[in-house]
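What the coordinates show
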Amino acid sequence: MRVAIVGCGLIGGKRLRSLRPGDRVVALVDPARERAQGLAAHAPDAEVLTDWRAAVARPDVDAVFVATSNDALAPVTLAAVEAGKHVLVEKPAARAPEELTPIIAAAERRGVCVQVGFNHRYHPALQQARALYDAGGLGPMMYIRARYGHGGRVGYDKEWRANPAISGGGELLDQGVHLIDLARWFLGDFPHVQGHVATFFWDMPVEDNGFLLLRTAAGQVAWLHATWTEWKNTFSFELFGRDAKLHVEGLGGSYGVERLSYYKMKPSMGPPETTIWEYPGEDRSWHLELAAFAQAIEARRPAPVGPRDAQAALEIVRQVYALSGKRPDGS
């Protein structure tokens, strides 16, 4: 696969390092040329560009990886799709659900694969949790309880994520969409949405905390909290069935060792049968996600996590903003 990477920051670098043997980066694009040049040290044959349009138009590009700020995600993706390229675009894939509508139509018309970078689905603990869930290891599902947060850094309120014209929103569009996507992965669509966003600490026009209560048509519930005021970085995702519970904790690094705990109820109840798996070492979700994207391209089938999934998550975010009296401009 011949790849152009648009956006050469932290995530663009992760995407480059996740390439399979034989994949080749032919173009690296960033408006800050020095960032692209820095990444080119790991892809010496790649052309360094500052204009993403030149990369998208190249006939030797099979796929475009879009790792820009939120305002550019949809425009770059749409142009790449219209040029007949497959696309791996970072979450949230757009600032608002309607930005994805032309992308969905164009991808179907051009017959290309568009995958959204919800890489958390590919963390080994969540992959194992899904396997246990699919095997009926929880019994009928009841609810999900999840928390995800970090504490920012000095100057966080001056970065692009704090500018609603660029970001489209705050923490719900950052870590919150991961929680929403994971909840949808297990429970399906949520026609009933309640929630609230607030800015408690950071001096910014977007929210630093989002609280969601989502409910399926069958009455299953997802209770989610995403926060930029978690002074100890935290990831916790719990699935409760009638027969057992699954708990995913940590994502590696500052979030702690990734761990899956399986608590199976005994007929006598009381303390459950407990099995714990730990996944230390390198975060392999990026490699597994890219492999799934490549397999979808080779099999000529839709991406496992596509723009319709991102659109559904963004629609939930929009409803919570409306319930909180927030507008897309942050007012």
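Below is a summary of the structure that appears in this document. (Residues numbered from 1 in each chain as written. Predicted model: local features only at pLDDT ≥ 70, side-chain atom pairs only at ≥ 80, totals over all residues. Heavy atoms only, no water.)

Examining the pattern of salt bridges
Considering all chains together, one arrives at 25 salt bridges under this definition. We note a salt bridge from Asp60 to Arg58, for which the minimum N-O separation is 2.7 Å. A salt bridge links Glu278 to Arg259; its shortest N-O distance comes to 2.7 Å. Placement of Glu278 in strand 14 (residues 273–279) and of Arg259 in strand 13 (residues 258–264) is noted, with a sequence separation of 19 residues between them. By relative accessible area, which is 46% here, Glu278 ends up partly exposed. One continuous salt-bridge network, built from bridges that share partners, spans Arg15, Glu90 and Glu289. (Salt bridge = Lys/Arg side-chain N within 4 Å of Asp/Glu carboxyl O. Helix = DSSP H or I, 4+ residues; strand = E, 2+ residues; numbered from the N terminus. Buried < 20%, exposed > 50% of the residue type's maximum accessible area, 1.4 Å probe, protein only.)

Here we look at the sheet that holds strand 2 (residues 24–29)
With parallel pairing, the six strands of this open sheet are ordered in space as 3-2-1-4-5-6. In the strand order of this sheet, the two ends are held by strand 3 (47–49) and strand 6 (114–117), each with one partner. In this sheet, adjacent strand axes meet at a mean angle of 20° when their direction is disregarded. The pairing of strand 5 (residues 86–90) with strand 6 spans four bridges and is parallel. Within strand 6, the position partnered with Leu88 by the bridge is Gln115. Here helix 4 (residues 70–82) sits on the sheet and contacts strand 1 (2–6), strand 4 (63–66), strand 5 and strand 6; the angle it forms with strand 5, its principal contact strand, is near 170°. (Pairing = 2+ DSSP bridges. Axes fitted to C-alpha atoms, helices over the stretch in contact; angles between N-to-C directions. Contact = heavy atoms within 4.5 Å.)

Describing unusual backbone geometry
Cis geometry is adopted by the peptide bond preceding Pro92, which originates at Lys91 and carries an omega value of 0°. Looking at where Pro92 falls in the secondary structure, it is placed in the loop between strand 5 and helix 5 (101–110). Positioned with a positive phi, Ala93 is a non-glycine residue whose angle comes to about 80°. As for its placement among the helices and strands, Ala93 is situated in the loop between strand 5 and helix 5.

Section: the sheet that holds strand 8 (residues 192–198)
Within the open sheet, the eight strands sit side by side as 8-9-10-7-11-12-13-14. Their pairing is mixed. Where the open sheet ends on each side, the last strands, each with one partner, are strand 8 and strand 14. Going from strand to strand, the sheet's axes swing by 10° on average, the running direction of each strand aside. Across seven bridges, the pairing between strand 9 (residues 209–215) and strand 10 (residues 221–227) is antiparallel.

Digging into the pairing of strand 12 (residues 244–249)
The buried count for strand 12 comes to five of six residues, which makes it a mostly enclosed element. Direction of pairing for strand 12 relative to strand 13: antiparallel, over a ladder of six bridges. Pairing of Glu249 across the sheet is with Arg259, part of strand 13.

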